[in-house]
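Here is how the chains run, residue by residue.
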Amino acid sequence: MRDLKLPDQRHPEKAHRPDQAQPKKPAWIRVKAPGGAGYNETRKIMRDHKLSTVCEEAGCPNVGECWSQGHATMMIMGEICTRGCTFCNVATGRPDALDPFEPGRVADAVAKLGLKHVVITSVDRDDVEDGGAEHFAQTIRAVRRRSPGTTIEILTPDFLRCGPEALETVVAARPDVFNHNLETVPGLYPSVRPGARYFHSLRLLQRVKELDPSIFTKSGIMVGLGEDRQGVLQVMDDMRSADVDFLTIGQYLQPTPKHHRVDRFVTPEEFAAYEKAAFGKGFLMVSASPLTRSSYHAGDDFARLRDARNARLGLA
């Protein structure tokens, strides 16, 4: 029986890699250990509903803060990914079959947590013909039925090996926000995200807007992987050319010595400069800080995103 708590079994594709030095984190990266009544209640609801969260599986540094407020990012379609990105702590391998009852459990958990805004993500499922698109759509519809007042943000795979109908299925379910992360600059894809294609991911985001302009689009990158400032600014331009509304930029943190090394820790001042540049390029919403993650403060950010679009349209 495979034990996903053991690094060699969690990441068999990385077991042969040499260890990469893990530099000491600067003061602006450190966070409190998770705990407290709110955290424990959120954890209990996740366990009772047999749900995975990217908060735990990806080792998010903000899990203590978010879970103490009842905010958890649901990770559907299992806890084993078919990809082996060198930055990611989600387990890699052959996943189990999709669980047809999972959408209902997600919807029930959202209702019990009383979420006004929920983020739903997934592992990559290259083993499934539609990449899990219909499963995403079923989950969106289940949450809509159970909690009609909750806004829904999805963070999807790239559907690289699927026909165009896969993305169309997800968009037709009408999430409020469609997020797909580019993760890094194109030159680092072979070493950071080898199973993906930069311009395919960019086109995916553009296609969402073509299918339904009312859906907000969102994407994010990590810095500290070896990119330079000009590369980050070019990614911003590429995203804007694809009409992406919301950009997130956060510091890459190395999950284990077998993962991609941290090239450097980007300072808070540099993040502030990136944020200023991104707003100058026309993004409706930007979140750029060392601890920014795709779903960090997503509910508050969604409200600001909606207000920004209304203001631009003269509806505020």
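### With respect to the overall build of the protein chain
Right, so step 1: In terms of helices and strands, the protein chain carries 12 helices and 10 strands.
Right, so step 2: Relative to a compact globule of 316 residues, whose C-alpha radius of gyration would be 20 Å, the protein chain shows 18 Å and is just as compact.
Right, so step 3: Viewed in the frame of its principal axes, the protein chain has a C-alpha envelope of about 50 × 50 × 45 Å.
Right, so step 4: Counting only contacts in the protein chain whose residues sit at least 6 apart along the sequence, the fraction spanning at least 24 positions is 76%.
Right, so step 5: For the protein chain, the accessible area works out to roughly 14,300 Å², and carbon and sulfur atoms hold 53% of it.
Right, so step 6: Each charge class in the protein chain can be summarised by its mean position, and for the 43 positive and 41 negative side chains these summaries are 3 Å apart.

### Here we look at the side chain of His 49
Right, so step 1: On the secondary structure map, His 49 appears in the loop between helix H2 (37–48) and strand S1 (52–53).
Right, so step 2: Aside from chain neighbours lying at most four places away, what touches His 49 is Arg 105, Asp 108, Ala 109 and Lys 112.

### A closer look at helix H9 (residues 198–211)
Right, so step 1: Between its first and last C-alpha, H9 extends 20 Å over 14 residues, near the 20 Å set by a 1.5 Å rise per residue.
Right, so step 2: Along H9, the residues that are buried comprise Tyr 198, Ser 201, Leu 202, Leu 204, Leu 205, Val 208 and Lys 209. With its buried residues spanning 150° around the axis, H9 presents them on a single face.
Right, so step 3: Contacts made by the buried residues of H9 are with helix H7 (164–172), strand S7 (177–179), helix H8 (189–192), strand S8 (216–223), helix H10 (229–241) and helix H12 (298–312).

### Considerations on the pairing of strand S5 (residues 117–122)
Right, so step 1: The element S5 is extensively covered by neighbouring structure, given that 6 of its 6 residues are classed as buried.
Right, so step 2: With burial as the criterion, each face of S5 is covered, one bearing His 117, Val 119 and Thr 121 and the other bearing Val 118, Ile 120 and Ser 122.
Right, so step 3: In terms of strand pairing, strand S2 (residues 74–76) meets S5 through 3 bridges, oriented parallel. The residue bridging Met 75 from the neighbouring strand is Thr 121, located in S5.
Right, so step 4: The sheet contact formed by S5 and strand S6 (residues 151–155) spans 5 bridges and is parallel. If you follow Ile 120 over to S6, its bridge partner there is Ile 154.
Right, so step 5: As for the winding sense of the linkage, the β-α-β connection from S5 through helix H6 (residues 133–146) to S6 is right-handed.

### Details of the packing of H6 against H7
Right, so step 1: The interhelical angle for the contact between H6 and H7, taken along N-to-C directions, is 5°, at an axis separation of 8 Å. When the axes of H6 and H7 are compared, the pair comes out roughly parallel. Only Ala 166, Thr 169 and Val 170 of H7 make contact with H6, whose side of the interface consists of Ala 133, Glu 134, Phe 136, Ala 137 and Ile 140.
Right, so step 2: Its residues assigned to classes, the contact of H6 with H7 comprises 6 nonpolar, 1 polar and 1 charged.

### Regarding the pattern of salt bridges
Between side chains of opposite charge, a pair can form as their charged atoms come close.
Right, so step 1: Evaluation of the coordinates by the stated rule reveals 22 salt bridges.
Right, so step 2: Among the salt bridges present, the one from Arg 203 reaches Glu 210, with a minimum N-O distance of 2.9 Å.
Right, so step 3: Judged by its relative accessible area of 39%, Arg 203 is partly exposed.
Right, so step 4: By relative accessible area, Glu 210 is classed as partly exposed at 42%.
Right, so step 5: Several salt bridges converge on common partners, so that one network encompasses Arg 83, Asp 124, Asp 126 and Asp 158.

### Focus: the environment of His 49
Right, so step 1: Look at His 49 and you get buried, because its relative accessible area is 8%.
Right, so step 2: Polar contacts involving the side chain of His 49 include one to the main-chain carbonyl oxygen of Ile 45, which spans 2.9 Å.

### As for the packing of helix H5 (residues 102–113) against H6
Each pair of packed helices can be described by the angle between their axes along with the distance between the axes.
Right, so step 1: At a minimum axis distance of 8 Å, the contact between H5 and H6 shows a crossing angle of 35°. Pair H5 / H6 crosses with right-handed handedness. Mapping the contact onto sequence places Glu 102, Pro 103, Gly 104, Val 106, Ala 107, Asp 108, Val 110 and Ala 111 in H5 and His 135, Gln 138, Thr 139, Ala 142, Val 143 and Arg 146 in H6.
Right, so step 2: Residues of the contact of H5 with H6, tallied by class, amount to 7 nonpolar, 4 polar and 3 charged.

Conventions we followed
Residues numbered from 1 in each chain as written. Predicted model: local features only at pLDDT ≥ 70, side-chain atom pairs only at ≥ 80, totals over all residues. Heavy atoms only, no water. Helix = DSSP H or I, 4+ residues; strand = E, 2+ residues; numbered from the N terminus. Rg over C-alpha atoms; globule rule 2.2 N^0.38 Å. Contact = heavy atoms within 4.5 Å. Areas by Shrake-Rupley, 256 points an atom, 1.4 Å probe, with all protein chains shown as cover. Lys, Arg positive; Asp, Glu negative; His and termini not counted. Charge placed at Lys NZ, Arg CZ, Asp CG, Glu CD. Expected span 1.5 Å × (residues − 1). Buried < 20%, exposed > 50% of the residue type's maximum accessible area, 1.4 Å probe, protein only. Arc of directions from axis to C-beta. Pairing = 2+ DSSP bridges. Right-handed = clockwise from strand over helix to strand, strands pointing away. Axes fitted to C-alpha atoms, helices over the stretch in contact; angles between N-to-C directions. Parallel < 35°, antiparallel > 145°, perpendicular 65-115°, else oblique. Nonpolar A, V, L, I, M, F, W, Y, C, P; charged D, E, K, R; others polar. Salt bridge = Lys/Arg side-chain N within 4 Å of Asp/Glu carboxyl O. Polar contact = N/O pair within 3.5 Å; in protein donor to acceptor, adjacent residues only side chain to side chain. Left-handed = near helix turned anticlockwise from the far one by under 90°.

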